Amino acid sequence: MRRIRKREGKIIKAYCLGEDHPVIERLIGEGKIRQVDAGHWRVFSREATEGELAESGDYVKLDSSGTPYPNTRAFFLKNHRHMGGDDYEQIPKWLNAWRLEDGMCPEIRFLMEHKGLVIDEGNEDACFRAPLWGDLLTAGKDAVIVFYELEYGAGHEVVEADFNFVAGEEFDKVYLSE
C-alpha cells in the first residue's frame, strides 16, 4: 500500500450531467455518454463495459485522453474548487493506493471478499474486475486501485472501503506518491 495525492494546482474540465452544454452534447454524439432516462446516465470510461451509472446533477470529468469519468455531486463539490466556467481545481488529499506489485494486503483481501474484486494476473487487459458505478469495470494489469475511503473496526480490520481503478498512465500523470 502506498500514500498518494493528486498534484497541486491541477485544473480540470468538468460538466454537470443534466445541464445543457456543448461538451455533454459532443460526448453523447461520440457515444461516450448515454442518457438512460430523465435522471440517469451511462458514462463510458476506459474501464466501463456497460457504462458507469450516474445521475443528473453528478459531474463528469475528462481525463488527459478526453475520456469521461463520473463523480457523484457530493464527492465532486467536496473535492474541487470552481475556478470559473468549466474549470475546477482538484483539492489534493492524501489517499491510499495499491498496485499489483505491492503484494496482497488486508485492504485488497477485503475488496476481494466483500466488494467483488477479481484479480486475474494472466489477463493483461482486464487484470482487475469489480462491480462499481452500476457496471462491471475492468482495468489492465498496470492499473492502480485508489482508495477514496477506508474504514477500520476496533480490531484494525477493514470494515468498509470506497475505491476505483485508475489506468496506469493516467495515474502517473495525475498523482504523486509519498
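Cut-offs applied
Residues numbered from 1 in each chain as written. Predicted model: local features only at pLDDT ≥ 70, side-chain atom pairs only at ≥ 80, totals over all residues. Heavy atoms only, no water. Buried < 20%, exposed > 50% of the residue type's maximum accessible area, 1.4 Å probe, protein only. Helix = DSSP H or I, 4+ residues; strand = E, 2+ residues; numbered from the N terminus. Arc of directions from axis to C-beta. Contact = heavy atoms within 4.5 Å. Pairing = 2+ DSSP bridges. Axes fitted to C-alpha atoms, helices over the stretch in contact; angles between N-to-C directions.

Draft legend 1. Spatial organisation of helix H3 (residues 106–114). Of all the positions in H3, only Glu 107, Ile 108, Phe 110 and Leu 111 are classed as buried. One face of H3 carries all of its buried residues, which in axial projection span an arc of 155°. Pointing more than 90 degrees away from the buried face of H3 are the exposed residues Pro 106 and Glu 113. At its buried positions, H3 is contacted by strand S10 (95–98), strand S11 (118–119), strand S14 (144–152) and strand S15 (158–166). Gly 116 sits one or two positions beyond H3 and adopts a positive phi of about 80°.

Draft legend 2. Broad picture of helix H1 (residues 22–29). Every buried residue of H1 is accounted for by Val 23, Ile 24 and Leu 27. Seen from one end, H1 has its buried residues packed into an arc of 100°, which puts them on one side. In this structure, H1 carries Pro 22 and Gly 29 as exposed residues pointing more than 90 degrees from its buried face. Next to the buried residues of H1 lie strand S2 (11–16), strand S3 (33–37), strand S6 (59–62) and strand S7 (68–71). Backbone geometry just downstream of H1 places Gly 31 in the positive-phi region, at approximately 80°.

Draft legend 3. The arrangement of the environment of Gly 122 in detail. Here Gly 122 shows up in the loop between S11 and strand S12 (128–132). Using a relative accessible area of 73% as the deciding quantity, one classes Gly 122 as exposed. Measuring from C-alpha to C-alpha, the distance between Gly 122 and Asp 142 comes to 12 Å, with 20 residues separating the pair along the chain.

Draft legend 4. Seen up close, the side chain of Asn 164. Structurally, the position occupied by Asn 164 is in strand S15. Judged by its relative accessible area of 12%, Asn 164 falls in the buried class. Here Asn 164 is in contact with Glu 52, Leu 132, Trp 133, Leu 137, Val 144, Ile 145, Val 146 and Tyr 148, once residues within four sequence places are set aside.

Draft legend 5. Geometry of the sheet that holds S2. The strand order S7-S6-S2-S9-S8 describes an open sheet built from 5 strands, whose pairing is antiparallel. Because the sheet does not close on itself, it has two edges, and the strands there are S7 and strand S8 (80–84). Here the average twist between neighbouring strands, direction ignored, is 40°. Alignment of S2 against strand S9 (residues 87–90), held across 3 bridges, turns out to be antiparallel. Bridge pairing links Ile 11 to Glu 89 in S9.

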